[in-house]
Amino acid sequence: MNEPNLKLINMIKNNKPKSISELATMLKKDPGNVAKQVNKLKEDGLIDLIEGKIHNMKTPVFNYDKIEIAI
C-alpha cells in the first residue's frame, strides 16, 4: 500500500464523493488516472464501486473502519 492509495482511500472514506470524477476533482488529479487507481483498489478488495443510473456513473465506497496489513 503506497501513500497515494492511502490518500485516495482516506478521501473516499471522509468526503464520500458521488463519482470518480468528483473524487479526481477533490484530489486535483486527472480523472483517467484516478479511475485506474480506483479500479485497482476495487480489484484488491479495498473499496467497492456502486453503479449509478446516470451515464454509467460509479460511486467509490470504503466500508471498513480500519485496514490491517501484515508483513
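Going by the structure above, here's the rest.
Residues numbered from 1 in each chain as written. Predicted model: local features only at pLDDT ≥ 70, side-chain atom pairs only at ≥ 80, totals over all residues. Heavy atoms only, no water.

On to the overall build of the protein chain. In terms of helices and strands, the protein chain carries three helices and two strands. In the protein chain, the succession of helices and strands from N to C terminus is α-α-α-β-β. Against the compact-globule benchmark of 11 Å for 71 residues, the protein chain has a radius of gyration of 12 Å, which places it among compact chains. C-alpha extents for the protein chain along the principal axes are approximately 40 × 25 × 20 Å. Considering the protein chain as a whole, with its 71 residues, one finds that 28% of them fall into the buried category. A sequence separation of at least 24 residues applies to 41% of the contacts in the protein chain between residues at least 6 apart. A total of about 5,400 Å² of accessible surface is found on the protein chain, and carbon and sulfur atoms cover 51% of it. (Helix = DSSP H or I, 4+ residues; strand = E, 2+ residues; numbered from the N terminus. Rg over C-alpha atoms; globule rule 2.2 N^0.38 Å. Buried < 20%, exposed > 50% of the residue type's maximum accessible area, 1.4 Å probe, protein only. Contact = heavy atoms within 4.5 Å. Areas by Shrake-Rupley, 256 points an atom, 1.4 Å probe, with all protein chains shown as cover.)

Moving on, we come to the packing of helix α2 (residues 20-27) against helix α3 (residues 31-43). Look at α2 against α3: their axes get within 9 Å of each other, and the N-to-C directions meet at 110°. Judged on the interaxial angle alone, α3 and α2 are roughly perpendicular. α2 and α3 meet at a crossing whose hand is right-handed. Note on element contacts: α3 touches α2 through Pro31, Val34, Ala35 and Val38, opposite Ile20, Leu23, Ala24 and Leu27. (Axes fitted to C-alpha atoms, helices over the stretch in contact; angles between N-to-C directions. Parallel < 35°, antiparallel > 145°, perpendicular 65-115°, else oblique. Left-handed = near helix turned anticlockwise from the far one by under 90°.)

Let's shift gears to the pairing of strand β1 (residues 48-51). Alignment of β1 against strand β2 (residues 58-61), held across four bridges, turns out to be antiparallel. Residue pairing for β2: Asp48 is matched across the bridge by Val61. Two successive antiparallel strands, β1 and β2, enclose a turn made up of six residues, where His55 displays a positive phi of approximately 50°. (Pairing = 2+ DSSP bridges.)

This part takes up the nonpolar core. Note that soluble globular proteins tend to have their nonpolar side chains buried in a common cluster. The biggest cluster of nonpolar side chains holds 15 residues, and the ones touching the most others in it are Leu8, Leu23, Val34, Val38 and Ile47. Listed by contribution, the elements that provide at least two residues to this core are α1 (3-15), α2 and α3. With sequence-adjacent residues up to four places away left out, Ile47 is seen in contact with Ile9, Ile12, Val38, Leu41, Lys42, Pro60, Val61 and Phe62. (Core = buried A, V, L, I, M, F, W, Y, C linked by side-chain atoms within 4.5 Å.)

Taken as a whole and assessed by the stated rule, the structure comprises two salt bridges. Between Lys40 and Asp44 there is a salt bridge whose closest N-O contact spans 3.1 Å. For Asp44, a relative accessible area of 44% corresponds to the partly exposed category. For Glu51, the salt bridge is made with Lys58, and the minimal N-O distance between the two is 4.0 Å. (Salt bridge = Lys/Arg side-chain N within 4 Å of Asp/Glu carboxyl O.)

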